[in-house]
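# Chain and residue survey
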Amino acid sequence: MEKFTKLKSIAADLPIMNVDTDMIIPKQFLKTIKRTGLGSALFYEMRYDEKGNAIKSFILNNAPYNKAKILISGKNFGCGSSREHAPWALLDFGIRCVIAESFADIFYNNCFKNGILPIILPENQVKELSEAAKKNKEIEIDLIDQKIHKGDNRPFDFEIESFRKEYLLNGYDDIALTLKKDVKINSFEQKKKNLTPWLY
Amino acid sequence: MAKTLYDKIWESHLVDEQSDGTSLLYIDRHLVHEVTSPQAFEGLRLSNRKVKLPGSTLAVVDHNVPTTDRSKGIADKESAIQVETLSKNCKDFGIEFFGLTDKRQGIVHVIGPEQGFTQPGMTIVCGDSHTSTHGAFGALAFGIGTSEVEHVLATQTLIQSRVKNFKISVDGKLPLGVTAKDVILSIIGNIGTAGGTGYVIEYCGEVFRNFSMEERMTVCNMSIEAGARAGMVAPDQKTFDYIKGRPLAPQGDNWEKALKYWSNLYTDKDAKFDRELHLQGKDIEPTVTWGTSPQDIASINGKVPDPNLEKNEDRKKSILRSLDYMGLEPNTPIQDIKIDKVFIGSCTNGRIEDLREVAKIVKGKKVNKSVDAIVVPGSGLVKLQAEKEGLDKIFKDSGFEWREPGCSMCLGMNPDQLKPKERCASTSNRNFEGRQGRGGRTHLVSPVMAAAAAIEGRFVDIRKII
Ligand code: SF4
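These remarks concern the structure in this document. Owing to the predicted nature of the structure, the values given are computational and were not obtained by experimental measurement.

Bringing the overall build of chain A into the picture now. Check the secondary structure of chain A and you find eight helices and eight strands. Once the C-alpha set of chain A is aligned to its principal axes, its extents read approximately 60 × 45 × 25 Å. For chain A, with 200 residues in total, the buried portion stands at 57%. Excluding contacts between residues fewer than 6 apart, the proportion of contacts in chain A whose partners are at least 24 apart in sequence is 65%. Summing over all exposed atoms, chain A offers an accessible surface of approximately 8,500 Å²; the carbon and sulfur share of this is 50%. Charged side chains in chain A number 31 positive and 27 negative. The centres of these two groups are separated by 3 Å.

To continue, consider the overall build of chain B. What chain B contains, in helices and strands, is 16 helices and 19 strands. In terms of overall size, chain B behaves like a compact globule, its C-alpha atoms giving a radius of gyration of 21 Å where 466 residues would be expected to give roughly 23 Å. Counting every position in chain B, which comprises 466 residues, the buried fraction comes to 67%. Intrachain contacts of chain B at a sequence separation of at least 6 include 76% that bridge at least 24 residues.

Before going further, it helps to examine helix H15 (residues 391–398) of chain B. Residues and elements named next belong to chain B. For H15, the complete set of buried residues consists of Leu 391, Asp 392, Ile 394, Phe 395 and Ser 398. Looking straight down H15, one finds that the buried residues subtend no more than 160° of arc, so they occupy a single side. Against the buried residues of H15 lie helix H13 (352–362), strand S16 (372–375), helix H14 (380–388) and strand S17 (401–402). Backbone geometry just downstream of H15 places Gly 399 in the positive-phi region, at approximately 105°.

The subject of this paragraph is the sheet that holds strand S6 (residues 139–142) of chain A. Residues and elements named next belong to chain A. Strand order in the open sheet formed by four strands is S1-S6-S7-S8, with antiparallel pairing between adjacent strands. Both edges of this open sheet fall to strand S1 (6–9) and strand S8 (156–157), since each of them pairs with a single strand only. Pairing analysis gives three bridges linking S6 to strand S7 (residues 147–149), with the strands arranged antiparallel. When the sheet's bridge partners are listed, Ile 141 is paired in S7 with Ile 148.

On to the pattern of salt bridges. Within this structure, the stated rule accounts for 50 salt bridges over all chains. A salt bridge links Arg 209 of chain B to Asp 236 of chain B; its shortest N-O distance comes to 3.2 Å. Residue Arg 209 of chain B is located in helix H7 (residues 206–210), and its partner Asp 236 of chain B is located in the loop between strand S11 (230–232) and helix H9 (237–243); the two are separated by 27 residues in the primary sequence. Taking relative accessible area as the criterion, Arg 209 of chain B reaches 32% and is therefore assigned partly exposed. Here Asp 236 of chain B falls in the buried class, since its relative accessible area comes to 18%. Here the residues in one salt-bridge network are Glu 128, Lys 150, Asp 152 and Arg 154 of chain A, joined through shared partners.

On to the site of the ligand, then. The full set of residues close to the ligand is His 63, Ile 107, His 109, Asp 128, His 130, Ser 346, Cys 347, Cys 407, Cys 410, Leu 411, Asn 429 and Arg 435 of chain B. Judged by its atoms lying within 2 Å of the grid points, the ligand is housed in the largest cavity.

It is a probe the size of a water molecule, rolled over the atoms, that shows where empty space is left. Across all of its chains, the model carries seven cavities of 30 Å³ or more by this definition. Counted as a void, the largest cavity has a volume near 210 Å³. Along the wall of the largest cavity there are 24 residues; nearest its centre are His 63, Asp 128, His 130, Leu 411 and Arg 435 of chain B. Contributions of two or more residues to the lining of the largest cavity are made by helix H4 (108–115) and helix H12 (346–349) of chain B. Tallied by class, the residues present in the lining of the largest cavity amount to nine nonpolar, 11 polar and four charged. Lining the second largest cavity we find 17 residues, and of these Cys 79, Gly 80 and Ala 104 of chain A together with Ile 224 and Gly 227 of chain B sit closest to its centre. Across the lining of the second largest cavity, the residue classes tally to seven nonpolar, eight polar and two charged.

Calculation notes
- Residues numbered from 1 in each chain as written.
- Chains lettered and ligands numbered in written order.
- Predicted model: local features only at pLDDT ≥ 70, side-chain atom pairs only at ≥ 80, totals over all residues.
- Heavy atoms only, no water.
- Helix = DSSP H or I, 4+ residues; strand = E, 2+ residues; numbered from the N terminus.
- Buried < 20%, exposed > 50% of the residue type's maximum accessible area, 1.4 Å probe, protein only.
- Contact = heavy atoms within 4.5 Å.
- Areas by Shrake-Rupley, 256 points an atom, 1.4 Å probe, with all protein chains shown as cover.
- Lys, Arg positive; Asp, Glu negative; His and termini not counted.
- Charge placed at Lys NZ, Arg CZ, Asp CG, Glu CD.
- Rg over C-alpha atoms; globule rule 2.2 N^0.38 Å.
- Arc of directions from axis to C-beta.
- Pairing = 2+ DSSP bridges.
- Salt bridge = Lys/Arg side-chain N within 4 Å of Asp/Glu carboxyl O.
- Near = heavy atom within 4 Å.
- 1 Å grid on protein atoms, 1.4 Å probe; cavity = no way out; pocket = protein on both sides within 12 Å on 5 of 7 lines; lining within 4 Å.
- Sits in = over half its atoms within 2 Å of the grid points.
- Points joined across faces, edges and corners; volume = space filled by probe spheres on them.
- Nonpolar A, V, L, I, M, F, W, Y, C, P; charged D, E, K, R; others polar.

It is worth stressing that arrangement in space is one thing and function is another; only the former is reported here.
This is how it looks when you write it as structure tokens:
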């Protein structure tokens, strides 16, 4: 997984509540057996008409936002299905950070597994950042200091659980780290085998 | 200290906890389907890892499978590859697999309980958000992403942090014609699609105690639509009776041991919940969604909302967007909405009791001329049972198509899709834009409401029919 430390980019503003994973990547693209190449499918039905032509009014179809690495959106972003194809599509398109008032649980978790930073901010701060986004202002995300710089002297602070931060900063492989605890896991399993033998 | 059911299951699966609360949770059971697993198996191969406990994992194909004649296999090339990939992965890694022609094949959340794979007190995961279904048995069950699927395959654990406890009780009795689907839609309408975020919900009260296991599954299934990590109902005699004798249920001595263990799975009397919601069964009505989020609910006697009455600007925009997508005018009575399609099925409402209820409504009647209606059983065994009871004949005589089991039009990864602007009364769980097909318009309802809508060609109050 690619490390995440700092990110500087313009941001694309998608002010919709409850953006669900069916919107982020529709079903027809879930048939792949690969993780890569899904960027062209991102927001497919909002981005392209029925004939496959780009819809001009959709933010990610327009320069400079087609190069945005930050996406700003409404409450409860990523609700719905558990498909990790959603963060894969965002990542493949080039988005490394999503900012919203709140996220759905599984999507939020899936982001971290792919080096994407989801940031939760209060409504007024999200609004301020969308204004900055509309004006093509560059926004800088600093994960080390947990700050968002937006070209003035009032950076926003953001919260992130410490283990998630560490994983992102170092680009850790979760499984390798967990496997280091195999002695603990195996002795737990042994205890369980005695307590609930019907499970084995 | 008094504990909730969630606390008890959490604590009994805690392998390791760091000072910041990051925990390693032991996973008892893992369900796998073809869409969210190929990249996980690929990851295992690339890093030369094995599946830690193949016997704790069960795999099935459901999302991509055709529901029409299967003798010639799957026509869609990509779907076929995905299905074959799962079959090969299961063979290579030693996992039990229900393939396309296995009579036990079906929707992953239908077959888990059906096989006795799902049991109380377990942690159960699957790369699928509706894993919450299995909480009906008093298990802690939730959906995970593909990276986590790989993590569980390799380590039989998951990195998790604990969430809060949310008690939802529905007391008293439900009016005739009001179902488990109406209960969960009403709950989601009440707390919103993010209302359960950061919580595990425990469903309590007389209504849930009176529910059958299948009705409890319908409710727990849609916990994810309320944003919750999981939903659960404490196990009771009904739960034990349901499990007893199923192929993967504990046998003999183990059955007695399991019963003893399971009977301690309840929330202690003085346990504290972080949040509570209390509803009365008598207040719940047959419910129809009008918009593109499961929280967009209306009573069958209600109307499509008027965005001009909404003061919150964001909310108003969202109503306008939904109405535009759904092709509905503000203030239209729900009963005036005409439909083109009816879909009976899915992991929410594709079980045998659902099909029996539908059959009662449509028996001896004809599907409206303007409506195409299909019934898709949740599993091969549900299909066989329905055929044994003659339900298939009732459906076919009424003009329903009787299909092979799978996810089907719930998400339309196979050919079962809505065309643009087609309007569907669906017993599934999501009415998102494009969910059942690009431009398709979904109204979520209970099986009996869908059945009545199929006959009338529009939504009707089921209470006036039964
Ligand atoms: S029936 Fe629908 S919700 Fe259930 S697992 Fe299949 S696609 Fe998902």
